[in-house]
Amino acid sequence: MLKQILKEISKTRIYSPSSIAKNLNIDDELVKDAINQLLRMGYITEEEIKPNCDSKCSGCAYHFSCNTISIKTLTITEKGRQILNNI
Amino acid sequence: MAVIALAGNPNSGKTTVFNALTGSNQHIGNWPGVTVEKKEGKFKYNNKQYYVIDLPGTYSLGAYSEDEIVARDFILHGNSDVVINVVDSTNIERNLYLTTQLLEIGVKVVVALNMMDEAKQRNIEIDINALSEKLGVPVVATIASKNKGLDDLIEKAIKYAEDGESPKTKISYGEEIDKEIERIKSILDSSNSKYPNRWIAIKLLEGDEEIYKLVEKEFNLDKDSLSSIKEKAATYELEIVDKRYEFIKNIISTTVKKPSKEVETLTDKIDKIVTHKFWGIPIFAAIMFVIFQLTFVIGQDLLGGYVGEFVGFIGEKVVDFLTLINSPEWLKAFISEGIFGGIGTVFEFIPLIVVLYFLLGILEDSGYMARAAYVMDGLMRALGLHGKAFIPMIVGFGCNVPGIMATRTLDNKKDRMIALLINPFMSCGARLPIYLVFISAFFPEHGGLVLFLLYAFGIIMALIMGRLFSKYLFKEESSHFIMELPPYRLPIFKYVVRSMWDKVWDFLQRAGTIIFVVVSLLWILSVLPFGVEPYSQESILGRIGTVLAPIFKPAGFGTWQATVSLFAGIAAKEAVVAVLGMVYAGVTEGNELIAALQQVFTPLTAVSFLAMTLLYTPCAATLGTIKRETNSIKWTVFSALYTFAIGWIVAVIIYQVGSLLGF
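A brief structural summary. Note that the coordinates shown come from a computational prediction; the quantities given were computed from them, not determined experimentally. (Residues numbered from 1 in each chain as written. Chains lettered and ligands numbered in written order. Predicted model: local features only at pLDDT ≥ 70, side-chain atom pairs only at ≥ 80, totals over all residues. Heavy atoms only, no water.)

1. Some words on the overall build of chain B
To keep it simple, the criterion reads: Helix and strand assignments follow DSSP, with helices taken as H or I runs no shorter than four residues and strands as E runs no shorter than two, numbered in order from the N terminus. Partly exposed residues are those whose accessible area sits between 20% and 50% of the maximum for their type, while under 20% is buried and over 50% is exposed, using a 1.4 Å probe and protein chains only. Between two residues, a contact is recorded if the distance between any of their heavy atoms is within 4.5 Å.
Counting its secondary structure elements, chain B contains 30 helices and ten strands. Taking all 663 residues of chain B together, 57% fall into the buried category. At a minimum sequence separation of 6, the contacts of chain B that also span at least 24 residues come to 73%.

Below, the structure is given as structure tokens:
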């Protein structure tokens, strides 16, 4: 299943746990768990893109004009790519 | 006293079971040497006392967190007589991953299928007897929150602890790995350890560092053998975890019945349209256009004018009061022309800003922005840019400072530098008053369209410059990434209003602080030296502006007033309108600036001026952030100068081509 999920991730530019779950006919929660497993095992990395500051929002002069959007991305690591090459 | 350990995933209801069993007879402390909370308690059953320990909630028994290590070590060292594995029935597939690991350790396990009422509500049917048979351990249905099934659970757990045999469940990892497990196990068996050697062998093949340390300490295994196992672990690790999931899937397929999933959710249906390969970008553009159009319809046509009239009214009253108390003329002039004529002009556009931020807030809260980033990602990749760079660009719509801070998350230098250098082309909120005052003066009928075109032009210029930087300045390879699309949700009115208010409040605060300082300084320069006509070309400000104005002659707005307003905008963009308000109108009535601009600018020079303000040198705060983030004066100066040059070139092209075409 982890390999299948890794393959699903490699095939697309966007994902949601529900879309992977639908494609593989498994539970959304299981997909989230499997993605966590892949993260922990170093096959993928996760980033949350948002203002990444040293100071806390409460002390920041730009806090109010700051945008609250944050977008999660996954990147397949070299270790993950090696697995994909062998599938 | 027999010891019962409670193990389970976070939120499986494990602590509810613990509380139901122990009541007030519990103690909370810390596990030795770590900051993980330790909960222990006692209860009596059939006149016998039992000790219960609530292990930290974990998804597996790996070594990825302190929680996992604490739970694993407790079980591994044989500290419990029986483990009650609390499983969330509504999420059984996920929860059984931990169960399989407990079974592999070989401890006595009783599975508490908790939250059975919720599972029933979701039409999930679990064949408890079949599940028990497949797992090889007792399974009991419970609803811990209602105290149901707990007596049965305790009875079975105690009976199993006293009389039952440890589970013999074995997961097959495929012929090759199974053979390797057996080979390692036979080596480990020679050490006469107290540990379950098959489980130790599996963990070694999973590359578990903690187990390697344990084996080095407690087993007779030479370093070469361990190194060769470690090499194999790199290949087997994923296979082992995968086989566990396969084992769970096989059990679930024969013991659990679930309603089939909805084939296509509403989110899927919407995403099919809004993330479409060809329609995605036009839809994004259409949404933004509608937002800008609505901003003008609601903000200007319905609400516009009231704030301007109010500011004018207050200005008149303040000046009347100052006259009444015989204030000096300079103070009256400063208050009426500097403060109300300048800063007051910025305030007149608050209704439009309120509406725009409200509508953008709805868009952000709905989850659409991730889709916008995705469709732009496609375009950016086509141009050889990294799609991630668009996310800081979206953040930059509010303010370029956090937009630039958002580039920190880009992993390679190329992506980061490009995202950082093109971010100032994104129209921040501070530039809105400039657009709004010129749109009101020259394009009132097409406000939404002009505003949309300005924002779109900023994005297009950012993409063009990004492409050029990618080709000539930074040539590293970009990494491939996948974006998560969160499900859509109905925007929560309270949050949208709060976010809107925060931004408007920030706008007001800036008007009262930095804009006030800039306008005050420039007002002094515009009335000095004594004896000259205030706000005239002979004033200090007029003379400075006159020296610099020829720069903008080819762009069609080479007046000293426009020049000083643009340079004041480098301190803070809102200052452009405030300074124009002061030097052109200098009186309190709301529409004075608009009327003055209509006399000095033409629609063509207005467009040229708007293009300049959109693209030229970012504000001081943004430049400061670029300096901090790049740690380079060279890149900061480059950013200030190249944006100025781009703004100037575009403004000149617009004016010269427009003039040739007869506009």
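2. Points about a nonpolar patch on the surface
For clarity, the threshold we go by: Here a patch means residues that are over 30% exposed by relative accessible area and free of salt bridges, tied together within 9 Å if like-charged and within 5 Å if nonpolar (Val, Leu, Ile, Met, Phe, Trp, Tyr). Computed by Shrake-Rupley with a 1.4 Å probe, the accessible areas treat only the displayed protein chains as cover when residues are assessed. Each salt bridge in this description consists of a side-chain nitrogen of Lys or Arg and a carboxyl oxygen of Asp or Glu lying within 4 Å of one another.
A grouping of B:Ile649, B:Ile653, B:Val657, B:Leu660, B:Leu661 and B:Phe663 is seen on the molecular surface, where their side chains present a nonpolar patch of about 700 Å² in accessible area. Summarising the element assignment, B:Phe663 is placed in the segment after helix H30 (633-660).

3. Thoughts on the interface of chain B and chain A
Interface size is commonly expressed as the accessible area that is lost once the parts come together. This is how the line gets drawn: Summed over both partners, the accessible surface that disappears when two parts come together, traced with a 1.4 Å probe, is what is meant by buried area. Any pair of nitrogen or oxygen atoms within 3.5 Å is treated as a polar contact; in protein, a donor-acceptor pairing is required on top of that, and neighbouring residues in sequence qualify only through side-chain atoms on both sides.
In this assembly, 58 residues from chain B lie in contact with 52 residues from chain A. Sorting the residues of chain B by area buried against chain A places B:Leu238, B:Ile482 and B:Glu484 first, and these three jointly supply 15% of that buried surface. Seen at the junction of chain B and chain A, the total is five salt bridges. The salt bridge partner of B:Asp268 is A:Lys22, with a shortest N-O separation of 3.3 Å. Seen at the junction of chain B and chain A, the total is twelve residue pairs in polar contact (both at pLDDT 80 or more).

4. Side note on the sheet that holds strand S5 (residues 82-88) of chain B
Strand pairing in a sheet relies on backbone hydrogen bonds. The paired strands run either parallel or antiparallel. Residue and element names in this part refer to chain B. In plain terms, the rule: DSSP bridges decide pairing: two strands pair if at least two such bridges lie between them. Fitted lines through C-alpha atoms give the axes, limited to the stretch in contact for helices. The angle between two N-to-C directions lies from 0 to 180 degrees.
Across the sheet, seven strands lie side by side as S2-S3-S4-S1-S5-S6-S8; this open sheet has mixed pairing. At either end of the open sheet lies a strand with only one pairing partner, and these are strand S2 (26-30) and strand S8 (139-141). The sheet shows a mean angle of 25° between the axes of neighbouring strands, direction not considered. Across seven bridges, strand S3 (residues 37-45) lies against strand S4 (residues 48-54) in antiparallel orientation.

5. Re the sheet that holds strand S2 (residues 44-49) of chain A
Spatially, four strands are ordered S1(A)-S10(B)-S3(A)-S2(A) in an open sheet, and the strand pairing comes out mixed. Here the strands that pair on one side only, and so sit at the sheet edges, are strand S1 (14-15) and S2 of chain A. Here strand S3 (residues 71-76) of chain A pairs with strand S10 (residues 482-484) of chain B via two bridges, running antiparallel. Each bridged residue has a counterpart across the sheet, and for A:Thr73 the counterpart in S10(B) is B:Met483.

6. A few points about the pairing of strand S1 (residues 2-8) of chain B
All names here are of chain B. Counting buried positions over the seven residues of S1 gives six, a clear majority of the element. In this sheet, S4 lies alongside S1 in parallel orientation, the contact comprising five bridges. Opposite isoleucine 4, over in S4, you have valine 52 as the bridge partner. Bridge count between S1 and S5: five bridges; the pairing is parallel. Bridge pairing in S5 links glycine 8 to valine 86.

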